[in-house]
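Inside the fold
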Amino acid sequence: MLFLFAALALAAATPDVGPPTVNGVFAQPDVCPGEGCDTTMWWRAKASVPLYKAPGSPRIIGYAKPGDRAAVRETLYWSHPQRGVVLIDAPPFKQGDVIYALIPEGEGYTTVWRRGEQLTLPPDDELDSKGRQVVQWNEAPRPDDIWWVKVRTSHGLTGWLKNPDAFACMGKLAGDENCVDAPQPKGRAAASQP
């Protein structure tokens, strides 16, 4: 217990500059969260899905209907950073580092913010090889993250999907059949896994 208090005291001396947020939301463009996520394929709707005018807008401008194809144009991941304090040295992190969990990468890995840089925290952030706790996370409740995806359907409708999951061909690991590459606009790089 004394160790925990010492680490927290050290963290208090470390500059605690979190990621830039607006109303508590960190917005990261060009993200495809989770293992195997892919934004280069034609996504195929498995259900009727609303398309919103803009991220955060309640205005629905249309629907992707079952069987419609959608090509991803851009993505925006809204997270509510969770503050944590590193309790022991675990390279590249040092005891006392203040970090913020941002984006899930898949397989338990997480993109975190530390003093202006984004790093990957491995899945074993709870315990090291000796069973010691690595990060003490702030346990305060926080809103769910939101993944916004701007798509253009095969029928020419362009809008934003909110947390899309009702589509086939969203990732190489899904095992979906008949997935084909979608045309990419000039200069658009595929969204990446963090």
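For the structure itself, consult the block above.
Here we summarise the structure given alongside this text. (Residues numbered from 1 in each chain as written. Predicted model: local features only at pLDDT ≥ 70, side-chain atom pairs only at ≥ 80, totals over all residues. Heavy atoms only, no water.)

**With respect to the nonpolar core**
The nonpolar side chains of a soluble globular protein tend to be buried, and buried together. In terms of nonpolar packing, the biggest core is built from 24 residues, with Trp-43, Trp-147, Val-149, Val-151, Leu-161 and Phe-167 touching the most fellow members. At the level of elements, β2 (43-45), β3 (49-52), β5 (69-79), β7 (98-106) and β11 (146-153) are the ones that each hand at least two residues to this core. Formed by 12 residues, the second largest nonpolar core is a distinct cluster that contains Leu-87, Val-112, Leu-121 and Val-134. (Core = buried A, V, L, I, M, F, W, Y, C linked by side-chain atoms within 4.5 Å. Buried < 20%, exposed > 50% of the residue type's maximum accessible area, 1.4 Å probe, protein only. Helix = DSSP H or I, 4+ residues; strand = E, 2+ residues; numbered from the N terminus.)

**As for the packing of aromatic side chains**
Taken as a whole and judged by the stated rule, the model has 5 aromatic pairs. Judged by centre distance (5.9 Å) and plane angle (55°), the ring pair of Trp-43 and Trp-147 falls under tilted. Of this pair, Trp-43 sits in strand β2 while Trp-147 sits in strand β11, and the two are 104 residues apart along the sequence. A relative accessible area of 7% means that Trp-147 is categorised as buried. Between Trp-78 and Trp-148, the aromatic rings sit 5.6 Å apart at their centres with planes inclined by 65°, giving edge-to-face as the arrangement. Of this pair, Trp-78 sits in strand β5 while Trp-148 sits in strand β11; the two residues are 70 residues apart in sequence, bridging distant segments of the chain. By relative accessible area, Trp-148 is classed as buried at 2%. One aromatic cluster in this structure is built from Trp-43, Trp-147 and Phe-167. In this arrangement the basic side chain of Arg-69 is found over the ring face of Trp-42, its NZ or CZ atom lying 4.2 Å from the centre. (Phe/Tyr/Trp six-rings, centres within 6.5 Å; stacked < 30°, edge-to-face > 60°. Lys NZ or Arg CZ within 6 Å of the ring centre and 35° of its normal.)

**Section: the environment of Glu-35**
Secondary-structure assignment places Glu-35 in the loop between β1 (26-29) and β2. Sequence spacing of Glu-35 and Gly-171 is 136 residues, and the spatial spacing of their C-alpha atoms is 8.2 Å.

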